[in-house]
Amino acid sequence: MNRLIFILAAIVLAASCEHKELCNQHPHLKTLRLEFNWKDAPDANPDGMCVYFYSESDGQGIRYDFNNITGGEIQLRVGKYKVITFNNDAEMVEFYNTDDYYTHGIYTREGSVLEPMYGNTVSSAPRADGTEDEKVVICPDMIWGCAVEEVEVTDYGISYSHSTFTDDGRREDIHVDTEEYVITLYPHEMVCTYTYEVRNVRNLEHLAMISGTISGMAGSLEFSTENVGTECVTLPFHGTSDGVSNVTGMFYTFGHNIDNPDPHRMTFYAVMDNGEKFCFKDGDYLDVTSQVHTAPDYRHVHLVIEGLNLPEPIEEGSGYDPSVDDWEVIESDIIL
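Please read all numbers here as calculations on a predicted model, not as lab measurements. (Residues numbered from 1 in each chain as written. Predicted model: local features only at pLDDT ≥ 70, side-chain atom pairs only at ≥ 80, totals over all residues. Heavy atoms only, no water.)

Asks: How should the side chain of S215 be read in this particular structure?
Replies: Mapped onto the secondary structure, S215 falls in strand β15 (residues 207–218). Classification of S215 as buried rests on a relative accessible area of 2%. Those residues in contact with S215 that sit more than four places away from it in its chain are T131, E134, V233, T234, P263, H264 and R265. (Helix = DSSP H or I, 4+ residues; strand = E, 2+ residues; numbered from the N terminus. Buried < 20%, exposed > 50% of the residue type's maximum accessible area, 1.4 Å probe, protein only. Contact = heavy atoms within 4.5 Å.)

As structure tokens, this is what we get:
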């Protein structure tokens, strides 16, 4: 009897040892809860979010999608990770290097300087001097997101470090070490919002359409560092007239690379109600470089332009001509 008990105990012990070795070779799968805290972007309104976990052991990325902005549960193996999150409802951006944490980024497709007026079918239009060779790309959507390094999931809990913004706008690094399987992410605006106003414009009552471009902007953004690309691109944007004296507009951009010396020049394209077409370019008042570079908040830039006076049409119009030929270039303010 004693021998039988010894044999049974040896079998149980052997099975236990074998099971423990198997666990060491295959890390446990844990159920985590991801939570999005929107204190750094209280006005954000995406339809949903996605999260990439990049394993430090093999570099592979695992993507999880949520159809909400609060979060949800996922399953993840014990290990060390780097994390990127951003809204998954963007329509204007394209993605590159999604399998690499350090270079995963976004850009936008090529477009036309007149795309806000005519769509992506017309490329012939005057350009600001010195910008003729810049690639023209469309503006991005708003992107909210963040990146987190040093995430470790263990059999006993989670540790990670993240950054958030204080009330006075400073970034603050915070370390979390908890036995609860919860990771809180703090998305913020990763794309810049530019607004502009052209003041004291004359003859706006004869305007049918107006759009513009800005040169010297960045064409891409990397999630992990939020670094923007070095290549300069030209962005086309919409314009809206109040019918009296002001033209205003708003567009999103990745911003500008501070190491790039190229200027930021705006160009405007106006179609009058009689079909006349005017291109305003190269005037000193259209060089907004200093306004871009000295903006108090590089994420929210407001550009102010004085001028852009429209000539009074020779004839009262009967509707505009949708062709794009015969632009009359105006390189300085018109004195009427």
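Having seen it, we continue.
Asks: Explanation requested: the sheet that holds strand β6 (residues 93–96) in the structure shown.
Replies: Sheets are built from strands that pair by backbone hydrogen bonding, the pairs being arranged parallel or antiparallel. The antiparallel open sheet is built from three strands, whose spatial order is β6-β7-β16. Strand pairing shows two members of the sheet lacking a second neighbour, β6 and β16 (220–222), which therefore form its edges. The average angle at which neighbouring strand axes cross in this sheet is 25 degrees, direction not considered. Taken together, the four bridges between β6 and strand β7 (residues 105–108) define a ladder with antiparallel strand orientation. Across the sheet, residue V93 finds its bridge partner in β7, namely T108. (Pairing = 2+ DSSP bridges. Axes fitted to C-alpha atoms, helices over the stretch in contact; angles between N-to-C directions.)

Asks: Can you walk me through the sheet that holds strand β21 (residues 277–280) in this structure?
Replies: The six strands lie next to each other as β8-β17-β15-β20-β21-β23, forming an open sheet whose pairing is mixed. The outermost strands of the open sheet, each flanked by one partner alone, are β8 (135–136) and β23 (328–330). As judged from the six bridges shared by β15 and strand β17 (residues 232–238), these two strands associate in the antiparallel manner. Within β17, the residue paired with I214 across the bridge is L235.

Asks: Could you clarify how one ought to interpret the nonpolar core in this entry?
Replies: Generally speaking, a soluble globular protein has its nonpolar side chains buried in company with each other. V51, F53, I143 and I183 are the most contacted members of the largest nonpolar core, which totals 42 residues. Of all the elements in the fold, those that place two or more residues in this core are β1 (29–36), β2 (49–55), β3 (61–66), β4 (71–77), β5 (79–87), β9 (144–154), β10 (157–165) and β12 (182–185). The dominant element in this core, judged by the number of residues it contributes, is β2, at six residues. (Core = buried A, V, L, I, M, F, W, Y, C linked by side-chain atoms within 4.5 Å.)

Asks: Looking at this structure, how should I read unusual backbone geometry?
Replies: Its identity is not glycine, yet E150 carries a phi of approximately 60 degrees, on the positive side. As for its placement among the helices and strands, E150 is situated in strand β9. The phi torsion at E226 lies on the positive side, around 65 degrees, for a residue other than glycine. Structurally, E226 is set in the loop between β16 and β17.

Asks: Would you explain the pattern of salt bridges in this entry?
Replies: If the charged atoms of two oppositely charged side chains come close together, the side chains can form a pair. Counting across every chain of the model gives 14 salt bridges. Put simply, E149 and K82 hold a salt bridge, and the shortest N to O gap is 3.5 Å. Remark: K82 occurs in strand β5 and E149 occurs in strand β9; sequence separation between them is 67 residues. Judged by its relative accessible area of 35%, E149 is partly exposed. Of the residues examined, K82 reaches a relative accessible area of 12% and is grouped as buried. A salt bridge links K281 to E331, with the nearest nitrogen and oxygen atoms 3.7 Å apart. In this pair, K281 sits in the loop between β21 and α3 (289–293) while E331 sits in the segment after β23, placing the two residues 50 residues apart along the sequence. Of the residues examined, K281 reaches a relative accessible area of 6% and is grouped as buried. (Salt bridge = Lys/Arg side-chain N within 4 Å of Asp/Glu carboxyl O.)

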